[in-house]
Amino acid sequence: MAVHLHWFLPTGGDGRTLVDRHAYASHALGRARQADGVRAPDIAYLAQIAKAAEQLGFEAVLTPTGTWCEDAWLTTVALAQHTERLKFLVAFRPGVVSPTLAAQMAATYQRITRGRLLLNVVTGGDAAEQRRFGDHLGHDQRYARTDEFLSVVRGVWSGQPYDFDGSHYRIEGGLTALPPDPLPEIFFGGSSAAAGPVAARHADVYLTWGEPPAQVREKIDWIRSLAEREGRTVRFGIRLHSVSRDSSAAAWSTANRLLDDLDADTVAAAQSALGRSESVGQQRMLALHGGSRDKLEISPNLWAGVGLVRGGAGTALVGSHDEVADRIEEYHALGIEHFVLSGYPHLEEAYWFGEGVIPVLAARGLLPPAPQPLPRTAAGGGAPLLVAGGR
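The model shown is predicted, which means the values in this text are computed figures rather than measured ones.

K.L.:
How should helix α8 (residues 213–229) be read in this particular structure?
P.N.:
Since the α-helix packs 3.6 residues into each turn, any two residues three or four apart lie on the same face. With 17 residues, α8 extends 25 Å from end C-alpha to end C-alpha; this agrees with the ideal 24 Å at 1.5 Å per step. Backbone geometry just after α8 places G231 at a positive phi near 75°.

Structure (structure tokens):
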């Protein structure tokens, strides 16, 4: 079982800070703040990240979905024109689009990109966020709808007219005239009792946030058991941030600097907002640090500082390149195959990880040899690539 490495596209903005200026600093505190070091998610900057990820050997990039993000479908299909091999793990919410239309969109996407689409199903754990998109179902009902949604998507991908009569969807003769080839792999996450059976029935890859290894092992055992009852096999992935440097001391110094602009009010506002989430996974993330800066290293090289102000994935692998590789190998031994990584800023951290950790993993036999650099197109072709703040 090889390790598959993926990076992240910050379509809600990027920068040298953890503060989510959109969701917490300005709106929650009721005043505008200067966003130092924040980069807009324009297509030129996102293309830099996508090209870097491709050159460094990442297989795909995850694109998020939500109020503060650019649309994942439109952004990534544009970026596909700037890349050649890179796949796009497109996050989307069932319930805000017809499942037949989603199946058709995926089929079109595969033809446009020559098969570079992966799907990340986000059922949604924040009721206020869901209501912004016109979705008023409760938590468990949303997962029940996702179950039906994915049944329809797979049904209409068959190439034959498909009928479905459920609680949330009634489809008559649903059809994708030209099914996607290949079928996009479906990534799915969820830590609640309502989420597990849906993952077991539909997920190709079950994706968890970066909890300590013992907790991740419990999740793997849980989903694997549910999948076996369905007669299926599910593979596993994990979502983590990364701060990797040439030395452990340098990595921890960088991680600690990310906390420098987090005042008590900002952390409190973020924790209050995140605490209202219905997502069981989000509550598990919050429990790792309890809103306190004390003891943020919750497991060797696993740092919970990101979760002080950021929703979703709240932990980072922090350490030397060898130490980060050790932790990846530890998760891999549990059954984790896909690693979806990120870091602030995403362009520079892609290079730190790609040039530092990927060669270590390859030397350990966990990865194939790094891909050859893309052909140079500029005249002369000898100038080195310089990245601000990189190596």
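K.L.:
For this particular structure, what's the right way to read the packing of aromatic side chains?
P.N.:
One pair of aromatic rings is described through two measures. These are the centre distance and the angle between the planes. The tally for this structure, following the rule as stated, stands at 9 aromatic pairs. Their ring planes at 65° and their centres at 6.1 Å tell us that F149 and Y169 sit as a pair that is edge-to-face. With a gap of 20 residues between them, F149 in helix α6 (residues 139–156) and Y169 in the loop between β7 (162–165) and β8 (170–174) connect regions that are remote in the sequence. Of the two residues, F149 and Y169, neither departs from the other in class, the shared state being buried. Taking the centre distance of 6.3 Å and the plane angle of 75° together, the rings of Y206 and F236 count as edge-to-face. Of the two residues, Y206 sits in strand β10 (residues 205–209) while F236 sits in strand β11 (residues 235–245), which places them 30 residues apart along the sequence. Just as Y206 is buried, F236 falls in that class too. Following the ring pairs from residue to residue traces out a cluster consisting of W73, F92, Y109, F149 and Y169.

K.L.:
Before we go on, may I ask you to explain the side chain of D135 in this structure?
P.N.:
Turning to its location among the elements, D135 is positioned in the loop between α5 (127–132) and α6. Reaching out from D135, the side chain makes a polar contact with the side chain of R145 at a distance of 2.5 Å. Residues within four places of D135 in sequence aside, it is in contact with Q130, R142 and R145.

Conventions we followed
Note that residues are indexed from 1 along each chain, following the sequence as it is written. Totals for whole chains, interfaces and linings use all residues, but because this is a predicted model, local features are given only for residues with pLDDT of at least 70 and pairs of side-chain atoms are given and counted only at 80 or more. With hydrogens and water excluded, all non-hydrogen atoms of the structure serve as input to the side-chain values. Numbering of helices and strands runs from the N terminus; a helix is a DSSP stretch of H or I covering at least four residues, while a strand is a stretch of E covering at least two. Under the convention used throughout, the expected extent of a helix is 1.5 Å for every residue step, that is, one less than its residue count. The rule is short: rings of Phe, Tyr and Trp, with Trp giving its six-membered ring, pair when the centres are within 6.5 Å, and they are stacked under 30 degrees, edge-to-face over 60, tilted in between. Exposed residues in this analysis have more than 50% of their type's maximum accessible area, buried residues have under 20%, and partly exposed residues fall in between, with area computed by a 1.4 Å probe over protein chains only. Polar contact is defined as a pair of N or O atoms within 3.5 Å, subject to the rule that within protein one atom must be able to donate a hydrogen and the other to accept it, and that residues adjacent in sequence are counted only when both atoms are side-chain atoms. The criterion used for residue contact is that any of the two residues' heavy atoms lie within 4.5 Å.

Everything listed is a geometric property; what it means functionally is a separate question.
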